Amino acid sequence: MHDSAYTRRLFLQRGCALASLAATVPCFIERSAMGTLGDPLLASQPGVADERILVIVQLGGGNDGLNTVVPFGSDDYYRARPQIGIRGPGAAAQNAQPAALALDGALGIGLHPSLAGLKELYDEGLVSVVQGVGYPNPNRSHFTSMDIWQTGRLDAKGSGWVGRYFDNTCNGSPKPEAAIAIGRNAPLALEGDVQKPIAFESASLFRWNGQDLHGSLKEPYDTLNRTGSTGFPADGAAETQKAFLMRTALDAQVSSDRIRAAVAKQPLVSYPGHGLANQLKMIGAMIRDGMPTRVYYASMGGFDTHGGQLGTHANLMRQLGESLNAFQRDLREQRNDARVTTMVFSEFGRRVKQNASGGTDHGTAAPMFLVGTAVKPGVWGNHPSLTDLDQGDLKFGVDFRSVYASVLEDWMQAPSEKVLRGRFANPKLFKAQA
Amino acid sequence: MPAAACTSFDHAMGNPFQPLAKKDFDYRAAQHLLNRAGFGGTPAQVRALVELGLDGAVEYLVDFKGERVSNEGVDFRSDILRAQTSEERELLRRARATNDTETIARIERERQERQNADRAQIAAMKRWWLARMIETGRPLQEKLTLFWHGHFATGYRTIENSWHMLMQNGMLRSNCAGNFADLVRGIICDPAMLKYLDNDENRKSSPNENLARELMELFTLGEGNGYGERDIKEGARALTGRTFRDNAYFFDRAQHDAGGKQILRRSGDFTGDDLVSIILEQPECSRFIAGKLYRFFVNDAPTTTRDGTETIERLAKALRDARYEIRPALRALFRSQHFYAVDNRLSIIKSPTQLMVQTVRSLGTPVRSVDRLVEAGDLMGQELFQPPSVKGWPGGRSWINTATVFTRQNTAVFLITGRTTRGNTAGSADAYDAMHLVEHLRDAAGTLDPRECVRGLASFALGGDPGRARMAELESYLGSLGGGIDNERIKALLCLITAMPEYQLC
């Protein structure tokens, strides 16, 4: 048994991987550590970041897919949406709404006029638009449909799909910092049976706030929480509850230090001031700092546009486009753009026909976006038919779990079948060398 | 022979289930009992429990019928999600036929409003239950109800009916220390569970095995314990036709498969009730339930000691001997030597609910905001009426990770000071007088020795001595502040003590 306590001093000397030692070192750190014959503890130092990262952006409330990727070539679209339809590129503004941005003239589809930030990335070959994504027997409850997307299961039960990715690709203990969500609650998608995500609204909240009461409390708190475990159990012996708690407390301090130090730095590009941009700014800072996190989660709400949606939706589209654009430029400046793919989804699209209040009700299939240097740029899947409908709703053409399968296999380099608990055709949304 | 030697002799004979010597029921033992069979108590309450003696204390907690109960007369609504009336159905049919979009939209809007009202009601129920746990004079009743909620796990988001969740909660509470058979019989005619496990779709012509499978795997026998796929299939047939209409259980005779079945080596035209009787005859059932009670009340470490295994076996026998009456088995468990063994003290990781309720009940803090506590419980991974799956909360070490560590510490800071993570101080107007935790430490002259205070406070809040080095750290902190003992200093110390990893144990 080691007699030395793994104190903060030792931790600082030897680097982060040592802090929690083998039992909680994220397996992807462990793997790269194994691959380095020199000092294994140096392998996970900042700067050795070679792992791929997935950033998930959730649009909560049901984004209106038909006004996001606009089928301007279809008369049925304008018949169904006389007040809220968006004109094709080059057309005069209508309903005080500028014309759509050209995506693909031959297909007759364009982007919402406020998505200029995304259009710019599209023109640079960094965006893959997947059309008509949904699932069989669509559920129109926000709750349930979101759970279906997050669990990757039609019964909406059990762990999250990203959580299962970590549970399946790594053995043993949960891996702190592997998945981070910006927000008060961690989304179900990141919850595994073993893997538990970190979630915080702002990094300053990811700490003990007792120290704000009296400055004098910080030092004794640190001493009491950074002692760590005072050694290892003998081979085969179980770790005691207390040793487990001491070890996790130290892990938490280390994570807190790292995250707060990372987001305190100024980004390399300027971000707009709204919510999603702030979240992506924090994520960009953590990526830049070389955090070992593999999956980040950001979200924005307000997409449940039942009434007077034109102005509201335009504003949401603008925020989305600007945020994704700033984030991508930040990654490029950091030279991390090749490591990161961003995936944008919503729990469902909206009804084809506008309702009597100038809005749209809950619908079904909708487009998804993948952004990054590794994605196959362009428009994929067919735009769902506007005439062959299921009770007034679009029929999906691409199962969302197929998109997950492509992300898992071609980007995260994991077998998708185990994670998704089933075989889903991979639509190959990434470049071959990815 | 000295008493101590006698105890260890019996111990060596392998009966960790025999009662603790009465004289060994000291302050720490009483505190341990109150934490485990309840949600802890103040120093004064612990002392009162010591006065009752082992048998009296156990009796007080286990036989709770005479104790005060709070929050009984809540007026939740049972009719928020009432079924459509025939007039409404007719109206909708006609609107659809005539393509009257306005009426269809109105009906959809009203349905949406009812659903929103129901979600508001489940949120109110979460507050109600948490407040009830904090206030009740029958802590074991609420603790057992929470245990059975995790055992017969049902989640609101799947069934989306708050009244059904409340009915189930009531059923679990009224049988919580009664007979396990009644709980199982209750759960197979409980609308929330029937819906959650799809038994409303379990029909003679197309049986649905979900309830039968979980009934054996999770509720009674344990995975793979003495039953096979065939028993599940036949068991599902016995459960056909068990469904609900509005808010009540309904046995749909036409959908019930009354034919002969073979279940667990028995044959007959079994019904759902017969199925329960057959399952309860299996000794595996008593062992499975004893094991779960053990991990909830005695020790939730990943591995169980030899004495622990022996205790589970004897607890199972106690259940069988009492024909599955739970109260006598618990009474024996809470009196047993093993329950008080050193290895089992401070060996359970507090659930988020335990953490919050025990902090209020033992330190005597104000409640401040039940709303915020409910929210904190969700963040720490225990959303009431929403266990993560039919397996319930895995508990133990799964409660703790780098994110929940801070939420746990900060929730204690909130209760002690009113300070929230966002820095505002909602509920801080409620004054907290923490001096009551140290009053009994005054010397003859009425003064408080700082060292004594730190020691008394830490070992009380942590349920034991954290060791010399860590105690010295707390003492030196108090010393660094200078001056005597006052409420502010005690509160600062409590913030520090509740942030120690040791505070997560009970």
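Conventions adopted
Each chain carries its own residue numbering, running from 1 in the written order of its sequence. A letter from A marks each chain and a number from 1 marks each ligand, given out in the order of writing. Predicted model: local features are reported for residues with pLDDT of at least 70 only, side-chain atom pairs are reported and counted for 80 or more only, and whole-chain, interface and lining totals are derived from all residues. We count a stretch as a helix when DSSP gives it H or I for four or more residues in a row; a strand needs E for two or more, and each element gets its number in order from the N terminus. In this treatment the radius of gyration is a C-alpha quantity, and the globule benchmark scales as 2.2 Å times the residue count to the 0.38 power. Three exposure classes are used, all based on how many other C-beta atoms lie within 10 Å of a residue's own C-beta (placed from the backbone): buried at 20 or more, exposed at 12 or fewer, and partly exposed between those limits. Note on contacts: residues are paired as contacts if their backbone-placed C-beta atoms lie within 7 Å. Under the convention adopted here, Pro, Cys and the residues Ala, Val, Leu, Ile, Met, Phe, Trp and Tyr are nonpolar, Asp, Glu, Lys and Arg are charged, and Gly plus all remaining residues are polar. In this description, strands pair whenever DSSP reports at least two bridges between them. Expected helix span is given by 1.5 Å per residue-to-residue step, counting one fewer step than there are residues. In predicted models, pLDDT denotes the confidence assigned by the predictor to each residue on a 0 to 100 scale. Nonpolar cores are identified as sets of buried Ala, Val, Leu, Ile, Met, Phe, Trp, Tyr and Cys residues joined via C-beta atoms within 7 Å. Here, axes are lines fitted to C-alpha atoms. For helices the fit covers the stretch in contact, and angles between N-to-C directions go from 0 to 180 degrees. Crossing handedness follows the turn of the near helix against the far one: under a right angle anticlockwise gives a left-handed crossing, and clockwise gives a right-handed one.

Things to note about the overall build of chain B
When helices and strands are counted, chain B shows 23 helices and four strands. A compact globule built from 506 residues should have a C-alpha radius of gyration of about 23 Å, and chain B, at 26 Å, falls within 12% of that. Per-residue burial over chain B gives 48% buried out of 506 residues. Taking as baseline every contact in chain B between residues at least 6 positions apart, the subset at least 24 positions apart corresponds to 72%.

Comments concerning the overall build of chain A
From N to C terminus, chain A includes 13 helices and twelve strands. Taking all 434 residues of chain A together, 55% fall into the buried category. Within chain A, residue pairs in contact and separated by at least 24 positions form 69% of the contacts whose partners lie at least 6 positions apart.

Side note on the interface of chain B and chain A
Contact with chain B, which involves 39 residues of that partner, is made by 38 residues of chain A. Sort the elements by how many residues they give to the side of chain B that touches chain A and helix 20 (residues 402-417) of chain B lands first, with eight residues. Residues that form the side of chain B that touches chain A fall into these classes: 19 nonpolar, twelve polar and eight charged.

Considering the pairing of strand 3 (residues 101-104) of chain A
Residues and elements named next belong to chain A. Pairing of strand 3 with strand 4 (residues 109-111) involves three bridges; the strand directions are antiparallel. Its bridge partner being in strand 4, Asp104 is matched across the sheet by Ile109. Hairpin connection of strand 3 to strand 4: four residues between the antiparallel strands, including Gly108 at a positive phi of 70 degrees.

Some remarks on helix 18 (residues 352-363) of chain B
All names here are of chain B. Here helix 18 contains twelve residues, and its C-alpha end-to-end distance of 16 Å stays within 8% of the 16 Å for a straight helix at 1.5 Å per residue. Among the twelve residues in helix 18, twelve count as buried, and that is most of the element. Along helix 18, the positions that sit buried rather than exposed are Pro352, Thr353, Gln354, Leu355, Met356, Val357, Gln358, Thr359, Val360, Arg361, Ser362 and Leu363. Immediately beyond the C-terminal end of helix 18, within one or two residues, lies Gly364, with a positive phi of roughly 70 degrees.

Notes on the confidence of the model for chain A
Averaged over all residues, the pLDDT of chain A is 85; the fraction at 70 or higher stands at 85%. A low-confidence stretch, residues 1-49 of chain A (pLDDT under 50), is modelled with 70 contacts involving residues beyond four sequence positions or located in other chains.

Some thoughts on the sheet that holds strand 2 (residues 69-70) of chain A
Taken in spatial order, the three strands line up as 2-4-3 (chain A) in an open sheet, and their pairing is antiparallel. Each end of this open sheet is capped by a strand with a single partner; those strands are strand 2 and strand 3 of chain A.

A closer look at the confidence of the model for chain B
All names here are of chain B. Mean pLDDT for chain B: 93, with 95% of residues reaching 70 or above. Here residues 1-11 is modelled with pLDDT under 50, and outside its nearest four sequence neighbours on either side it reaches six contacts, counting other chains as well. Our summary of model confidence lists the complex with pTM equal to 0.85 and ipTM equal to 0.92.

Digging into the pairing of strand 6 (residues 179-182) of chain A
All names here are of chain A. The alternating pattern of strand 6 places Ala179 and Ala181 on one face and Ile180 and Ile182 on the opposite face, and all of these are buried. As paired elements, strand 6 and strand 8 (residues 295-300) share three bridges and run parallel to each other. Across the sheet, residue Ala179 finds its bridge partner in strand 8, namely Val295. Taken together, the three bridges between strand 6 and strand 7 (residues 198-200) define a ladder with parallel strand orientation.

Comments concerning the environment of Trp380(A)
Residue and element names in this part refer to chain A. Mapped onto the elements, Trp380 comes out in strand 11 (residues 378-380). A residue is classified by how many C-beta atoms lie within 10 Å of it, and Trp380, with 23 of them, is buried. In this structure, the C-alpha to C-alpha distance between Trp380 and Asn209, residues 171 residues apart in sequence, is 48 Å. Filtering out sequence-adjacent residues up to four positions away, Trp380 remains in contact with Ser128, Val129, Val130, Gln131, Pro427 and Leu429.

Some points on the nonpolar core
General note: in soluble globular proteins, nonpolar side chains tend to be found buried as a group. Counting 253 residues, the largest nonpolar core has Met286(A), Leu315(B), Leu457(B), Leu493(B), Leu496(B) and Ile497(B) as its most contacted members. In terms of residues, this core owes the most to one element, helix 9 (residues 241-264) of chain A, which gives ten residues. Dropping the residues within four chain positions of it, Leu496(B) is found in contact with Leu217(A), Pro220(A), Tyr221(A), Leu224(A), Leu474(B) and Tyr477(B).

Observations regarding the environment of Met291(A)
Residues and elements named next belong to chain A. Secondary-structure assignment places Met291 in the loop between helix 10 (275-288) and strand 8. Note on Met291: 22 C-beta atoms within 10 Å, which makes it buried. Along the primary structure Met291 and Ser255 are separated by 36 residues, whereas in three dimensions their C-alpha atoms are 9.4 Å apart. Met291 has contacts with Glu177, Arg258, Ala262 and Met286, leaving out every residue within four places of it along the chain.

Notes on helix 16 (residues 326-335) of chain B
One turn of the α-helix equals 3.6 residues, which is why residues spaced by three or four share an orientation. All names here are of chain B. With eight of ten residues buried, helix 16 lies mostly within the body of the structure. Among the residues of helix 16, Ile326, Ala329, Leu330, Arg331, Ala332, Leu333, Phe334 and Arg335 are the ones counted as buried. Those residues of helix 16 hidden inside the fold are in contact with helix 2 (27-36), helix 3 (43-62), helix 9 (180-187), helix 14 (283-297), helix 15 (306-321) and helix 17 (337-340).

Considering unusual backbone geometry
Residue and element names in this part refer to chain B. The phi angle at Leu264 is positive, at roughly 45 degrees, despite the residue not being glycine. Position of Leu264 relative to the elements: it lies in the loop between strand 3 (261-263) and strand 4 (266-268). The backbone phi angle of Arg368 is positive, close to 70 degrees, even though this residue is not glycine. Structurally, Arg368 can be placed in the loop between helix 18 and helix 19 (370-379).

Points about the packing of helix 18 of chain B against helix 19 of chain B
All names here are of chain B. Running from N to C, helix 18 and helix 19 point in directions that differ by 145 degrees, and their axes come no closer than 9 Å. When you trace helix 18 past helix 19, the crossing you get is right-handed. Along its contact with helix 18, which presents Pro352, Thr353 and Met356, the element helix 19 presents Leu373, Ala376 and Gly377. Its residues placed into classes, the contact of helix 18 with helix 19 shows four nonpolar, two polar and no charged.

Concerning the environment of Thr359(B)
Residues and elements named next belong to chain B. Looking at the secondary structure, you find Thr359 in helix 18. Residue classification places Thr359 among the buried positions, given that 26 C-beta atoms sit within 10 Å. Along the backbone, Thr359 and Arg173 are 186 residues apart, and their C-alpha atoms lie at a distance of 23 Å. Here Thr359 is in contact with Thr365, Ala412, Leu415 and Thr498, once residues within four sequence places are set aside.

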